[in-house]
Amino acid sequence: MRTLVTLASSGAVTLAPDTVSQDQVSQDPLLQDPELPDRKRFIVGLTGGIGSGKSTVARLFNQLGIPAVDADIVAREVVAKGSPLLAKIVDHFGPQLLTPQQTLNRPLLRQLIFNDPAAKQWLDSVMHPAIRTEMLQQLANLPPAPYVLLIAPLLLENKLDTLVNRVLVVDISERNQLSRTLSRDGVSAQQVQAIIASQISRPERLALADDIIDNNSESTDITNGGAAATLQPQVQQLHQRYLDLAKHLDLTKR
Ligand SMILES: CC(C)(COP(=O)(O)OP(=O)(O)OC[C@H]1O[C@@H](n2cnc3c(N)ncnc32)[C@H](O)[C@@H]1O)[C@@H](O)C(=O)NCCC(=O)NCCS
Ligand SMILES: Nc1ncnc2c1ncn2[C@@H]1O[C@H](COP(=O)(O)OP(=O)(O)OP(=O)(O)O)[C@@H](O)[C@H]1O
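Rules and cut-offs
Residues numbered from 1 in each chain as written. Chains lettered and ligands numbered in written order. Predicted model: local features only at pLDDT ≥ 70, side-chain atom pairs only at ≥ 80, totals over all residues. Heavy atoms only, no water. Core = buried A, V, L, I, M, F, W, Y, C linked by side-chain atoms within 4.5 Å. Buried < 20%, exposed > 50% of the residue type's maximum accessible area, 1.4 Å probe, protein only. Helix = DSSP H or I, 4+ residues; strand = E, 2+ residues; numbered from the N terminus. Contact = heavy atoms within 4.5 Å. UniProt positions renumbered as here; feature names shortened; annotations may be inferred. 1 Å grid on protein atoms, 1.4 Å probe; cavity = no way out; pocket = protein on both sides within 12 Å on 5 of 7 lines; lining within 4 Å. Polar contact = N/O pair within 3.5 Å; in protein donor to acceptor, adjacent residues only side chain to side chain. Salt bridge = Lys/Arg side-chain N within 4 Å of Asp/Glu carboxyl O.

Undergrad: Break down the nonpolar core for me, citing the residues and quoting the values.
TA: Among the nonpolar cores identified, the biggest contains 38 residues, and Ile89, Leu109, Met127, Ile131, Met135, Leu150 and Leu155 are the most heavily contacted of them. Every element with two or more residues in this core is listed here: helix H3 (71-77), helix H4 (84-93), helix H5 (106-113), helix H6 (117-140), strand E5 (148-151) and strand E6 (166-171). Per element, the largest residue contribution to this core is 8 residues, and it comes from H6. Not counting chain neighbours up to four residues away, the residues in contact with Leu150 comprise Ile43, Val44, Gly45, Leu46, Val69, Met135, Leu139, Leu155 and Val164. Counting 22 residues, the second largest nonpolar core, distinct from the first, contains Val44, Phe61, Leu238 and Leu245.

Undergrad: Residue-level account of the UniProt feature "binding site: ATP" (unreviewed entry) in the protein, with values.
TA: Annotation from UniProt places "binding site: ATP" (unreviewed entry) at Gly51, Ser52, Gly53, Lys54, Ser55 and Thr56. Of the annotated positions mentioned, Ser52 line the second largest cavity. Structurally, Ser52 is set in the loop between strand E3 (43-47) and helix H2 (54-63). Residues within four places of Ser52 in sequence aside, it is in contact with Val170, Ile172, Arg180 and Asn215. At a separation of 2.8 Å, a polar atom in the side chain of Ser52 contacts the main-chain carbonyl oxygen of Gly49. Locating Lys54 in the fold gives a position in helix H2. The residues contacting Lys54, other than those within four sequence positions of it, are Leu46, Thr47, Gly48, Gly49, Ile151, Pro153 and Val170.

Undergrad: I'd like a rundown of the pattern of salt bridges, residues and numbers included.
TA: Evaluated as defined, the whole model comprises 5 salt bridges. Of the charged contacts, one joins Asp171 and Arg202 as a salt bridge, the two residues approaching to 2.8 Å between their closest N and O atoms. Pair noted here: Asp171 is in strand E6 and Arg202 is in helix H9 (residues 202-207), with a separation of 31 residues, a long-range link. Asp185 is paired through a salt bridge with Arg184; the nearest N and O atoms lie 2.7 Å apart. In this structure Asp185 comes out as partly exposed when scored by relative accessible area, which is 33%.

In structure tokens:
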């Protein structure tokens with residue numbers, strides 16, 4: 001069940017034909033995961049490498065009434081000021097990991113883990129289970145909607161795709177990833193490259209996608225809350241597709 005949204009040189013969006021039967025949806029093994037909070041809810045996993053445009057794309061879905069749980073936000077919540085997980089991290093790495101305001105020193109932790117594989121492995125081992133649990137909780141509490149998004153940069157790396165019905169990848173070239181992340185975060189190119197290297201490769205990610213949004217087209221309007229002209233129609237087409245798929249799911253008796 002793969003849908004590829006591509007932009008023809010004319011700027012027109014094409015959606016590869018893809019018919020989905022009720023049976024195909026109800027027999028989808030992804031729906032059998034016992035951890036899923038609500039197996040009747042259609043969940044689209046939105047992923048992509050650092051700086052690919054997940055938040056930008058999620059904003060467009062949100063304008064269509066589609067709510068989301070965002071792993072990057074959850075990752076901040078689980079280490080909030082005074083949390084047991086923050087204390088554990090400070091215990092492990094030292095008091096320099098706390099800012100004077102007693103919050104996590106994120107730039108320092110970022111520098112640490114992307115320069116030291118053992119440090120990253122330890123952090124991932126304590127953070128990822130906590131993030132997963134909290135995401136499941138938040139998914140269960142999302143408001144009613146025809147379908148919902150689970151935004152997770154590491155959706156495929158952490159096998160969170162078992163929680164979703166459909167994997168949507170926001171795709172950009174590594175060159176664009178680097179330049180957009182650099183201008184957004186003001187970090188070093190070496191650090192962004194280390195983060196990109198730690199994530200699944202672009203070809204592997206694309207191979208695991210059900211749907212792909214191409215966000216390579218450069219927009220000058222984006223920082224004012226605008227969206228690249230090429231994103232809007234791709235999101236619109238996928239929205240229609242997901243409404244259709246979700247409707248099939250609602251019809252299943254499980
Ligand atoms: C290292 C931390 C403190 C840096 O914080 P910072 O505010 O600078 O970045 P932010 O959290 O916004 O992450 C930015 C991007 O970095 C990438 N990234 C973050 N953590 C990881 C990781 N462990 N492995 C690979 N990529 C990562 C993702 O693409 C993410 O979108 C933070 O990223 C973190 O706590 N990471 C561990 C938790 C995690 O894996 N988060 C990713 C979502 S599951
Ligand atoms: N088509 C585009 N043209 C120009 N800039 C863009 C485009 N799409 C996104 N951006 C910008 O690139 C940066 C990264 O986009 P965004 O924050 O949506 O990515 P992300 O995948 O959510 O990032 P991260 O994984 O790091 O959280 C942002 O500054 C955003 O405004």
